Amino acid sequence: MLEAKNIIKTFRSEGVVTHALDTVGITVDPGEFVSIVGRSGSGKTTFLNILSTLLAPDSGEIIYNGEDITSLPPRRLNELRHKDFAVVFQFHYLLPYLSARENVLLPYMKGLGRVPKDARMRADECLERVGLGGKGSKIPGHLSGGEQQRVAIARALVKKSWVLFADEPTGNLDKATGESVMDLLVDLKNDGLSVVMVTHDDEYAARADRTVSMADGRVI
Ligand SMILES: Nc1ncnc2c1ncn2[C@@H]1O[C@H](COP(=O)(O)OP(=O)(O)O)[C@@H](O)[C@H]1O
Ligand SMILES: [Mg+2]
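- Naming follows an unreviewed UniProt entry, where the chain appears as ABC transporter ATP-binding protein of Pseudodesulfovibrio portus.
- According to UniProt, the comment filed for the chain under the heading Sequence similarities (unreviewed entry) is "Belongs to the ABC transporter superfamily."

Set out below in structure tokens:
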């Protein structure tokens, strides 16, 4: 289980102080799909980034499987992030000069060494899983927006993560393509993956098991 307690985050830039998160918390059970909704500027992205450990809170705790991970040494935090946490953003962040398969394999790549054969097979399995079997050799520029987002999700799956964090994963997609990405997220949840998704679309949010609403840096 993943739990965040009493998270506070304040940004200071050019003399402006923003209380982005004011004592927020959440729990995510194994295999649960939670959506986080709220207006622009309500703190959703900041909260998701802190939950996924991409950003450190000013205070508060993130507890994963009974362990407070906010105070882990950087090396252990990296390991955990690499193994159990997967992240998908509004923009796909695929590398344009790598094929879909190579993009999915990025979590395995360390320096210029060869990627093990079973990793390549696993990448193809994941591409198949997101409906892109046979498109592994295409570069992102030759795929549609929805397909690019699916490659990003396949990259998240390749590690067999415990949880997928998605920040407005349908934000750059038209309605039909957005729906199909939502269908995929629900399928993955039904296979046992925990999902935490930020969206400002109430219809998409309603497809989660539970919705958390935010306003002005607080959970309401
Ligand atoms: N790096 C930053 N520096 C300064 N202010 C920030 C930064 N990131 C977010 N904020 C501010 O924190 C508040 C919450 O932002 P964010 O979490 O991105 O909201 P949302 O994702 O709900 O639109 C906003 O007022 C935003 O301007
Ligand atoms: Mg945001």
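Concerning the pairing of strand β9 (residues 210-215)
- Alignment of strand β3 (residues 33-37) against β9, held across four bridges, turns out to be parallel. Of the residues in β9, the one forming a bridge with I36 is V212.
- Here two bridges tie β9 to strand β10 (residues 218-219), and the two strands are oriented antiparallel to one another. Bridged to M214 within β10 is V219.
- Between β9 and β10, which follow one another and run antiparallel, lie two residues, and D216 among them has a positive phi close to 45°.

Here's the deal with the site of ligand 1
- Around ligand 1, the neighbouring residues are F11, T18, A20, R39, S40, G41, S42, G43, K44, T45 and T46.
- Between ligand 1 and T45 there is a distance of 2.8 Å, counted from an oxygen atom to a side-chain nitrogen or oxygen.
- Here T46 contributes a side-chain N or O atom positioned 2.5 Å from an oxygen atom of ligand 1.
- Across the complex, the protein chains shield 61% of the 560 Å² of accessible surface that ligand 1 would expose by itself.
- Counting residues per element, the shell around ligand 1 draws most heavily on helix α1 (residues 44-51), which supplies three residues.

A few points about the pattern of salt bridges
- Counted under the stated rule, the structure contains 13 salt bridges.
- Notably, a salt bridge pairs E32 with R210, separated by 2.8 Å at the nearest N-O pair. Of this pair, E32 sits in the loop between β2 (16-28) and β3 while R210 sits in strand β9, and the two are 178 residues apart along the sequence.
- When its relative accessible area of 12% is taken as the criterion, E32 is described as buried.
- Notably, a salt bridge pairs D201 with K175, separated by 3.6 Å at the nearest N-O pair. Pair noted here: D201 is in the loop between β8 (194-198) and α7 (202-205) and K175 is in helix α6 (residues 175-190), with a separation of 26 residues, a long-range link.
- You can call D201 partly exposed: its relative accessible area is 21%.
- Among the ionic contacts, a cluster of salt bridges with common partners joins K175, D201 and E203.

What counts, and where the lines are drawn
Here the residue numbering is sequential within each chain, running from 1 through the sequence in written order. To label them, take the chains in the order written and letter them from A, then take the ligands in the order written and number them from 1. The predicted nature of this model means local features are confined to residues of pLDDT at least 70 and side-chain atom pairs, given and counted, to a pLDDT of 80 or more, with totals for whole chains, interfaces and linings taken over all residues. The basis for every side-chain value is the complete set of heavy atoms in the structure, and neither hydrogens nor water enter the calculation. UniProt positions are given in the numbering used here, feature names are shortened, and annotations may be inferred rather than shown by experiment. Criterion used throughout: strands pair if DSSP finds at least two bridges between them. Each helix is a run of DSSP H or I of at least 4 residues and each strand a run of E of at least 2, with the numbering of both proceeding from the N terminus. Throughout, near means a residue has at least one heavy atom within 4 Å of the molecule or strand. Under the rule applied, a polar contact is a pair of N or O atoms within 3.5 Å (in protein, one hydrogen donor and one hydrogen acceptor; residues adjacent in sequence only if both atoms are side-chain atoms). Under the convention used here, a 1.4 Å probe and the Shrake-Rupley method define accessible areas, while residue burial counts only the protein chains that appear. Note on definitions: salt bridges are taken to be side-chain nitrogens of Lys or Arg within 4 Å of carboxyl oxygens of Asp or Glu. For each residue, the accessible area found with a 1.4 Å probe, counting protein chains only, is set against the maximum for its type, and the residue is called buried under 20%, exposed over 50%, and partly exposed in between.

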